[in-house]
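# Structural overview
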Amino acid sequence: MEKKNGYTQDGTVDLHGRPVLAAKTGRWRACAFLVGYEVFERMAFYGVASNLVVYFTTQLHEDTVSSVRSVNNWSGSVWITPIVGAFIADSYFGRFWTFTISSLIYVVGMILLTLAVWLKTLRPDCEKDEICNKAAPSEIAFFFSALYMIAIGAGGTKPNISTFGADQFDEFNGEEKKLKVSFFNWWIFSSFTGGLMATTGLVFVQENLGWGIGYAIPTAGLIFSLFIFYVGTPKYRHKVCRKSGIPARELVRVWVAAVANCRRELPEEPKELNEMEPRHYLIAGKRRLTHTSAFRFLDKAALKSGDRLLVNPCTVTQVEETKLVLGMAIIWLTTLIPCTVFAQVNTLFVKQGTSLNRSLGDGFRIPAASLGSFVTISLLLSTPIYDRYFVPFMRRRTGCPRGITLLQRIGLGFASHILVTAVAYSVELHRMQVIKTHRITSPNAVIPMSILWLLPQYVLLGVGDVFNGIGLLEFFYDQSPEDMKSLGTTFFTSGIGVGNFLNSFLVTVVDELTKRRSKGRGKSWIGNNLNDSHLDYYYAFLMGLTALNFGAFVWLAKRYDYKQEEAMPDEGKMESRGGDESSVAVGGTAL
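Residues numbered from 1 in each chain as written. Predicted model: local features only at pLDDT ≥ 70, side-chain atom pairs only at ≥ 80, totals over all residues. Heavy atoms only, no water.

Further remarks concern the overall build of the protein chain. Within the protein chain, the secondary structure is distributed over 18 helices and 4 strands. Put simply, the protein chain shows about 24,800 Å² of open surface, and 63% of that area lies on carbon and sulfur atoms. (Helix = DSSP H or I, 4+ residues; strand = E, 2+ residues; numbered from the N terminus. Areas by Shrake-Rupley, 256 points an atom, 1.4 Å probe, with all protein chains shown as cover.)

All right, on to empty space enclosed by the protein then. Under the counting rule described, the total for this entry stands at 4 cavities of 30 Å³ or more. Quantified by volume, the largest cavity comes out at close to 710 Å³. Considering the residues around the largest cavity, the lining is formed by 45 residues, among which Tyr 46, Trp 79, Phe 192, Phe 342 and Ile 496 are closest to the centre. (1 Å grid on protein atoms, 1.4 Å probe; cavity = no way out; pocket = protein on both sides within 12 Å on 5 of 7 lines; lining within 4 Å. Points joined across faces, edges and corners; volume = space filled by probe spheres on them.)

Another point: the pattern of salt bridges. In this structure the tally under the stated criterion is 16 salt bridges. In this structure, the salt-bridge partner of Glu 41 is Arg 42, at a minimum N-O distance of 2.7 Å. Between Lys 323 and Glu 320 there is a salt bridge, and its shortest N-O distance comes to 3.0 Å. Highlighted residues: Lys 323 and Glu 320, both in helix H11 (residues 316-333), separated by 3 residues, approximately one helical turn. Accessibility expressed as a relative area gives 4% for Lys 323, which makes it buried. Salt bridges linked by common partners bring Arg 27, Glu 175, Glu 176 and Arg 237 together as one network. (Salt bridge = Lys/Arg side-chain N within 4 Å of Asp/Glu carboxyl O. Buried < 20%, exposed > 50% of the residue type's maximum accessible area, 1.4 Å probe, protein only.)

Let us look at unusual backbone geometry. For residues besides glycine, phi is generally negative; the peptide bonds are generally trans as well. For Arg 27, which is not glycine, the phi torsion reads 55° and is therefore positive. Backbone geometry at Phe 295 places phi at a positive 45°, although glycine is not the residue there. Considering the arrangement of structural elements, one finds Phe 295 in the loop between helix H10 (278-283) and H11.

Formed by 128 residues in total, the largest nonpolar core has its most connected members in Trp 74, Phe 143, Phe 475 and Tyr 538. Among the elements that line this core, the one with the most residues is helix H1 (residues 27-49), at 12 residues. If we skip the residues at most four places from it in the chain, Phe 475 touches Met 328, Ile 331, Leu 406, Leu 407, Ile 410, Tyr 560 and Tyr 562. Formed by 11 residues, the second largest nonpolar core is a distinct cluster that contains Val 254, Leu 273, Val 316 and Val 319. (Core = buried A, V, L, I, M, F, W, Y, C linked by side-chain atoms within 4.5 Å. Contact = heavy atoms within 4.5 Å.)

Going residue by residue along strand E2 (residues 447-450), you find Ile 447 and Met 449 tucked away on one face and Pro 448 and Ser 450 left uncovered on the opposite face. As paired strands, strand E1 (residues 356-357) and E2 are joined by 2 bridges and run parallel to one another. Across the sheet, the residue bridging to Leu 356 is Ile 447, located in E2. (Pairing = 2+ DSSP bridges.)

Considering the arrangement of structural elements, one finds Ala 136 in the loop between helix H4 (82-118) and helix H5 (137-166). For the pair Ala 136 and Leu 122, spaced 14 residues apart in the sequence, the C-alpha separation amounts to 9.1 Å.

With that settled, consider the side chain of Asn 500. Here Asn 500 shows up in helix H17 (residues 485-518). Of the residues examined, Asn 500 reaches a relative accessible area of 7% and is grouped as buried. Among all residues touching Asn 500, those that are not within four sequence positions of it are Asn 72, Ser 75, Gly 76, Trp 79 and Ala 343.

Compared with the 30 Å implied by 1.5 Å per residue over 21 residues, the 31 Å span of helix H8 (residues 211-231) between its first and last C-alpha is a close match. Regarding H8, the residues found buried are Trp 211, Gly 212, Gly 214, Tyr 215, Pro 218, Thr 219, Gly 221, Leu 222, Ser 225, Leu 226, Ile 228 and Phe 229. (Expected span 1.5 Å × (residues − 1).)

An α-helical segment advances 3.6 residues per turn. Residues three or four places apart therefore align on the same side. Relative to the 33 Å expected for 23 residues at 1.5 Å per residue, helix H18 (residues 535-557) spans 32 Å between its end C-alpha atoms, a close match to the ideal helical length. Of all the positions in H18, only Leu 535, Asp 536, Tyr 538, Tyr 539, Leu 542, Thr 546, Asn 549, Phe 553 and Ala 557 are classed as buried.

Orientation of H1 relative to helix H3 (residues 64-80), taken along the N-to-C sense of each, is 155°, at an axis distance of 11 Å. Taken as axis vectors, H1 and H3 run roughly antiparallel relative to one another. Between H1 and H3 lies a crossing of left-handed hand. On H3, the residues that touch Arg 42, Phe 45, Val 48 and Ala 49 of H1 are Trp 74, Val 78 and Trp 79. (Axes fitted to C-alpha atoms, helices over the stretch in contact; angles between N-to-C directions. Parallel < 35°, antiparallel > 145°, perpendicular 65-115°, else oblique. Left-handed = near helix turned anticlockwise from the far one by under 90°.)

What follows deals with the packing of aromatic side chains. A complete count under the given rule lists 41 aromatic pairs for this structure. Taking 4.8 Å as the distance between ring centres and 70° as the angle between the ring planes, the aromatic pair formed by Phe 414 and Phe 553 counts as edge-to-face. Residue Phe 414 is found in helix H15 (residues 406-437), and its partner Phe 553 is found in helix H18; the two are separated by 139 residues along the sequence. These aromatic residues form a ring-pair network of at least three members: Tyr 37, Phe 96, Trp 97, Phe 99, Phe 164, Phe 229, Tyr 230 and Tyr 236. Lys 158 extends its terminal NZ or CZ atom over the ring of Phe 45, reaching a point 4.4 Å from the ring centre. In this structure, Lys 158 packs its charged tip against the face of Trp 79, placed 4.0 Å from the ring centre. (Phe/Tyr/Trp six-rings, centres within 6.5 Å; stacked < 30°, edge-to-face > 60°. Lys NZ or Arg CZ within 6 Å of the ring centre and 35° of its normal.)

Next up on the list: the confidence of the model for the protein chain. This prediction gives the protein chain a mean pLDDT of 82; 88% of its residues lie at or above 70. Element-level pLDDT for the protein chain is lowest in strand E4 (residues 575-576), with a mean of 56, against a maximum mean of 93 in H18. Confidence drops under pLDDT 50 across residues 581-591; counting only partners more than four residues distant or on other chains, this segment forms 33 contacts. (pLDDT = per-residue confidence, 0-100.)

Looking now at a nonpolar patch on the surface. A cluster of nonpolar residues, Ile 111, Leu 115, Trp 118, Leu 119, Leu 209, Ile 213, Ile 217 and Ile 223, forms a patch on the protein surface that exposes about 680 Å² of accessible area. For the nonpolar patch, the secondary-structure elements that each account for two or more residues are H4 and H8. (Patch = residues over 30% accessible without salt bridge, like charges linked within 9 Å, V, L, I, M, F, W, Y side chains within 5 Å.)

Turning next to the environment of Leu 542. You can see Leu 542 is positioned in helix H18. Apart from residues lying up to four places away in sequence, Leu 542 is in contact with Thr 340, Gln 344, Thr 421 and Leu 506.

Here it is in structure tokens:
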């Protein structure tokens, strides 16, 4: 319910710091502009990322392992730099202005990258259907400088655009809170729509009409998307940036206070711990958090007084916020292996596809990177089914507004990755058998096996991401402390980044170790010649890691305590965020 004066209840303001009218701002009317930006930005990003390994091997003449490592390192940087962008947004400039500055850097990086692949003076000398000369050090330096400028720009846009979208829904308004439940489903839907445009149209343009045109199109699209974003400025709601200091500093203060009070005993009743009155949080546009039993050592930071009070006591809410971040960090560790599996889409899956028969008749050949579009297509088809049918169906049976809890949703996604790696292993076994039957040894030989054999693993990744990817983004946003929403969301992006780095590390180590073990008598698992390697062993290795990781996740999820907030006076009882909101305590029933 809106306030009598018609303003939002969560303290959001317009760009000039004035209170905003709930009826004229926010909700999906504002998110429509953000979704428009996201479609074109994703097209730009995936227009580069999806076919980058092919550019490295065919234009810059890097070997397979080096190309995979280069792609993973860049992708990892794109998803890691949001930690810095989120910190700056939460602590200093706010989401809107951090996004604005970063988006300009992003655009400059895309322009430079387009020049690097278009201008003859900036790229290796080669003509169509001819072998290119090896890239000069200056050409490589310019290309990588442009790539990493994009990574820096993405660091300020990725963590802030999605959280800025979620800010358009007032948590204190019951109707808007219900609308927000579906926000991340449709946000990822728009994101993958842009990715589909890249993996179908742009990849084909790059390989058939030229890399320059293939990069110029997404660059123009990115510039157009910024125009769309700023057209919606009058409709946006802005969270007020903290003026009292850096949010993460309070987390450190809780740990310091807990250590200082380590020898003191905790009271039997949590209500004896230090806490502010509800009115204090109402004025700040926040909710007071309820005490949970997790990480009880940190409760010592909220001890009120004593003979040896070394530091000022923290509040229960501050302690619970620290517990939330610690709990999310532990869950984050279990996301790294699934993110490593997903990193195969733009690396080994693509290289695997280049070795297969890509002809579909009449001289048309499918670009290997275009198969990534089936990840997108399966996600785009599955998301509406999940949101419109699965959630209502499960809601009637569980009573949970989300149908299933956030960790249950993530768990289903993690389980699907075991199936993905099992299918990839089976398909690779078949590919190896075809190679053996036809006695193929040349690295450039086309194996008489259709590239469509790879479709199942792409489709399964897309369906799984409806549970895994969207679930993680919503989980980390939902469970983050109120003043750390952007920084909390970077748990999602950084997991993808570390997953890419981890894949780069695994590919390098596995290649080196298996080379040494073979000593010229056997095969390396991953080599320049995939037709004379054992990629099936690597997929089996990933399958084992994924299964172990899933077991660890289930064990942790059963012990996770969701955020528990005290409702406002007119909202009734306390609610538990992320789990079944009809109950207060959900720890132990998450999965």
